[in-house]
Amino acid sequence: MSSILELQRVTAGYKSVKGFKSLIKRVEVVLRDISFTVEKGERVAIIGESGSGKTTILRVILGLLKPISGKVLIYGKDLYSLPSDQRLQILRRIGYVPQDPYKSLNPVLKIKYIVGEPLEAAGVEWRYVGERIREVLKIVGLPQSILNDTAEELSGGMRQRVLIARAIIAEPEILVLDEPTSALDVSIQAQIINLLNSIYNTLKVTMITVTHDLGVAQYLADRLIILKSGKIVEEGSVDEVLRDPKSEYTKSLITSYLQITGINSLNNIKIRGQYV
Amino acid sequence: MVLAVRASGISIGYIDEEEEYIVWAVRRVDLAIEEGDAFCLVGESGSGKTTFANAIAGILPPHVVTRGKLYIFDRLAIDESTWNFNGLRGRVVSYIPQNPGTSLSPFLTIEEHFYHVLRDTLRYDREKSRRAAIEALLKVGLDRGVLEDYPHELSGGMQQRVLIAIALASNAKIIVADEPTSAIDANLRASVLQLLGKLNREYRVTLLIVTHDLASTSIVCNRLAVMLAGKIVETGRTISVLRNPQHPYTKMLLDCIPLLGVKKPLKPLPGEPIQVVEDKAICPFRERCPRAIDKCVEEPPLKPVGDEESHYVKCWILTGGESE
């Protein structure tokens, strides 16, 4: 088995300071005892509602948050016990698409510097970078004419494509996506889903998506990990989970998913979720 | 049938002060909403749906220019560039804001929220407002105990219910809800929509829901209008529009919605919705339309289509090339 990423009993959280006169320092635990593995070339989605800790998992994977206990193994190496230069080497093999395309792009930088930054940081000469930028823009379907624009001039969908271009420019082996479509309109969401799947097929990456939307996850993943208040409540292939959910929580997620059930028989439309 | 809202040829534009042009968000729209309808405006960002709903709720910002006429229960609210929402705003039409978390003041209890609104709209005193508040809270399924609570003590779904109750308390005949489900978690959406549907059916409140989510509209609304670049491109009964979509844009929107448990490819068309600066009379979907013809450089009229009554579409291909 070639597991590319493994979380072993990870517990993680944030330090918080409360009070005014007498400071109380404590740790808010967000993830409790999380273990899962991701095989090479898999598409995995982590699903949960706000506050379930799904973004925290990404921070742990991206080397941004040291777990309180447990190990994060990437390519079999324990990420947080490596010396920092080796850790960086490993993290360079991960491409990351952040959540909000409106807040994640530097408003004063030209698009070419934003997209080329990961390569530049890895020490690649700028003339090679320029060539590669043109290549990735073609992959994500952006015109070359935007190279000298700033992010302010682009629409939400175009910004998301810029972020994807930036994530894949250094030829990562793992692509990590934080809510890749939640800020976008339906038709743009569909474009981005199709784009990510074509990137998955051509670049042969391992794809880890975090989302609250089961419908999106169904299109971007083969396996689902369902998270509730920092714990994994269910794990399995998309078909398995949707057809035969084991936990009550997953059942409630599926029944409260609003959709047009069969456009030809609209009388079937019912509200099924009643969870307050 | 009494018309709750009637717009005739209404245009709404935002003035760009520096560059001195007008961005037209809504362009010459005709629309009628009958009393008791649950009407939905569907559209992607930039389609003008929120601007239009704000006009009906009477909360347009000052740097806006309007043309055309808007009637609310036969009262002329917008007459070309003059507005008169006195006695309408908050009394006849009330409004549920988009984000429950940021729409309630953290310094006031829920009871104070009710009092501030009811004092200003209906001149209620504290005692009267408290009674109205309890009655409205009951309708939305909340206990009177929340009156003493501050907003942060309530969950997102309860905050949304409080906002709906505030809108109800003034006995408004029309409730405008701007993206009522976009800021709350997926498993609460169904219950909020169910509640809005109940208010519409049981208390005969005319409902106008603005949303980008076609799936949620299909549950509550009996009529819908699809907006694109400030124009209504298709309108009709929800059942007939969703069962038998006519406009290529509506068809594409339906092709883009993920369906759970059904493996069908998503089929978005290339390109993005156009942002309108100049008010040109062309078909707003022309550049993305797979079936565009030469005629599409002119703006098509909104014409009846198919066998279903009151199903209208704005497309040359479907309604024939001959002019009106």
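Overview of the structure.

**A short note on the overall build of chain A**
- Assigned secondary structure in chain A consists of nine helices and 10 strands.
- A globule of 276 residues ought to have a C-alpha radius of gyration of about 19 Å, and chain A, at 20 Å, matches this closely.
- Sorting the 276 residues of chain A into buried and exposed places 52% on the buried side.
- Just so you have it, chain A exposes about 13,200 Å², and 49% of that area is on carbon and sulfur atoms.
- Taking the average place of the 36 positive charges on the side chains of chain A and the average place of its 30 negative ones, the gap between the two points comes to 5 Å.

**Overview of the layout of surface pockets**
Residues and elements named next belong to chain A.
- Taken as a whole, the second largest pocket spans an internal volume of roughly 760 Å³.
- Surrounding the second largest pocket, 28 residues form its lining, Leu 91, Ile 94, Tyr 96, Pro 118 and Arg 166 being those nearest its centre.
- If you list the elements that add at least two residues to the lining of the second largest pocket, you get helix H2 (84-91), strand S6 (94-97), helix H3 (111-121) and helix H5 (156-168).
- It is H3 that provides the largest number of residues to the lining of the second largest pocket, a total of five residues.
- For the lining of the second largest pocket, the per-class residue count stands at 18 nonpolar, four polar and six charged.

**Side note on the pattern of salt bridges**
- A full pass over the atoms with the stated rule returns 25 salt bridges over all chains.
- Between Arg 9 of chain A and Asp 33 of chain A there is a salt bridge; the shortest N-O distance is 2.9 Å. Within this pair, whereas Arg 9 of chain A is found in strand S1 (residues 3-18), its partner Asp 33 of chain A is found in strand S2 (residues 24-39), the two being separated by 24 residues in sequence.
- The salt bridge partner of Asp 100 of chain A is Lys 103 of chain A, with a shortest N-O separation of 3.9 Å.
- Taking the relative accessible area as the measure of exposure, Asp 100 of chain A reaches 23% and is therefore partly exposed.
- Counted as one network, the salt bridges with shared partners bring together Arg 28, Lys 231, Glu 299 and Lys 314 of chain B.

**Quick notes on the interface of chain A and chain B**
- Residue-level contacts link 38 residues of chain A with 42 residues of chain B.
- Note on chain A versus chain B: buried area summed over both sides is about 3,700 Å², and carbon and sulfur give 59% of it.
- In this assembly, chain A and chain B are joined by zero salt bridges.
- Linking chain A to chain B there are five residue pairs in polar contact (both at pLDDT 80 or more).
- Those elements that provide at least two residues to the side of chain A that touches chain B are H5, helix H6 (186-203) and helix H7 (214-220) of chain A.
- Ranked by residues supplied to the side of chain A that touches chain B, first place goes to H6 of chain A with eight residues.
- Partitioning the side of chain A that touches chain B into residue classes produces 19 nonpolar, 16 polar and three charged.

**Details of helix H1 (residues 49-57) of chain B**
Residue and element names in this part refer to chain B.
- Burial within H1 is extensive, with eight of its nine residues counted as buried.
- Those residues of H1 not exposed but buried are Lys 49, Thr 51, Phe 52, Ala 53, Asn 54, Ala 55, Ile 56 and Ala 57.
- Gly 58 sits one or two positions beyond H1 and adopts a positive phi of about 75°.

**Some points on the pairing of strand S10 (residues 231-237) of chain A**
Residue and element names in this part refer to chain A.
- With six bridges joining them, strand S9 (residues 223-228) and S10 adopt antiparallel strand pairing. Bridge pairing links Arg 223 to Ser 237 in S10.
- In this structure, the hairpin formed by S9 and S10 is closed by a connection of two residues, where Ser 229 is found at a positive phi of approximately 35°.

**Describing the sheet that holds strand S8 (residues 206-211) of chain A**
All names here are of chain A.
- Pairing within the open sheet is mixed, and its six strands lie in the order S6-S7-S8-S3-S9-S10. Two strands close off the open sheet at either side, each with one partner strand: S6 and S10. Across this sheet, the average inter-strand angle for adjacent strands is 15°, counted without regard to direction.
- Seen against the sheet, H5 touches S6 and strand S7 (174-178) and runs at an angle of roughly 170° to S6.

**Digging into the pairing of strand S1 (residues 3-16) of chain B**
Residue and element names in this part refer to chain B.
- Judged from the 10 bridges that link them, S1 and strand S2 (residues 21-34) form a sheet pairing that is antiparallel. For Val 5, the partnering residue across the bridge sits in S2 and is Ile 33.
- Pairing of S1 with strand S4 (residues 64-72) involves eight bridges; the strand directions are antiparallel. When the bridges of S4 are listed, Ala 7 appears paired with Leu 70.

**Looking at the packing of aromatic side chains**
Residue and element names in this part refer to chain B.
- Enumeration over the complete set of coordinates arrives at two aromatic pairs over all chains.
- With a centroid separation of 5.3 Å and an interplanar angle of 65°, the aromatic rings of Tyr 249 and Phe 285 are classed as edge-to-face. With Tyr 249 in helix H9 (residues 248-256) and Phe 285 in the loop between H9 and strand S12 (302-304), this residue pair connects regions lying 36 residues apart in the sequence. Of the two residues, Tyr 249 and Phe 285, both sit in the buried class.
- One Lys or Arg, Arg 126, reaches over the ring of Tyr 115 and ends 4.1 Å from the middle of that ring.
- Seen from the ring of Tyr 203, Lys 139 lies directly overhead, with NZ or CZ sitting 4.5 Å from the centre.

**Remarks on a nonpolar patch on the surface**
Residues and elements named next belong to chain A.
- Together, Val 27, Val 29 and Ile 68 make up a nonpolar patch on the protein surface, roughly 230 Å² of accessible area in all.
- Topologically, Val 29 is positioned in strand S2.
- Looking at Val 29, the relative accessible area reads 31%, which means it is partly exposed.

What counts and how
Residues numbered from 1 in each chain as written. Chains lettered and ligands numbered in written order. Predicted model: local features only at pLDDT ≥ 70, side-chain atom pairs only at ≥ 80, totals over all residues. Heavy atoms only, no water. Helix = DSSP H or I, 4+ residues; strand = E, 2+ residues; numbered from the N terminus. Rg over C-alpha atoms; globule rule 2.2 N^0.38 Å. Buried < 20%, exposed > 50% of the residue type's maximum accessible area, 1.4 Å probe, protein only. Areas by Shrake-Rupley, 256 points an atom, 1.4 Å probe, with all protein chains shown as cover. Lys, Arg positive; Asp, Glu negative; His and termini not counted. Charge placed at Lys NZ, Arg CZ, Asp CG, Glu CD. 1 Å grid on protein atoms, 1.4 Å probe; cavity = no way out; pocket = protein on both sides within 12 Å on 5 of 7 lines; lining within 4 Å. Points joined across faces, edges and corners; volume = space filled by probe spheres on them. Nonpolar A, V, L, I, M, F, W, Y, C, P; charged D, E, K, R; others polar. Salt bridge = Lys/Arg side-chain N within 4 Å of Asp/Glu carboxyl O. Contact = heavy atoms within 4.5 Å. Buried area = accessible area lost by both parts, 1.4 Å probe. Polar contact = N/O pair within 3.5 Å; in protein donor to acceptor, adjacent residues only side chain to side chain. Pairing = 2+ DSSP bridges. Axes fitted to C-alpha atoms, helices over the stretch in contact; angles between N-to-C directions. Phe/Tyr/Trp six-rings, centres within 6.5 Å; stacked < 30°, edge-to-face > 60°. Lys NZ or Arg CZ within 6 Å of the ring centre and 35° of its normal. Patch = residues over 30% accessible without salt bridge, like charges linked within 9 Å, V, L, I, M, F, W, Y side chains within 5 Å.

Function cannot be inferred from these measures alone, as they are strictly geometric.
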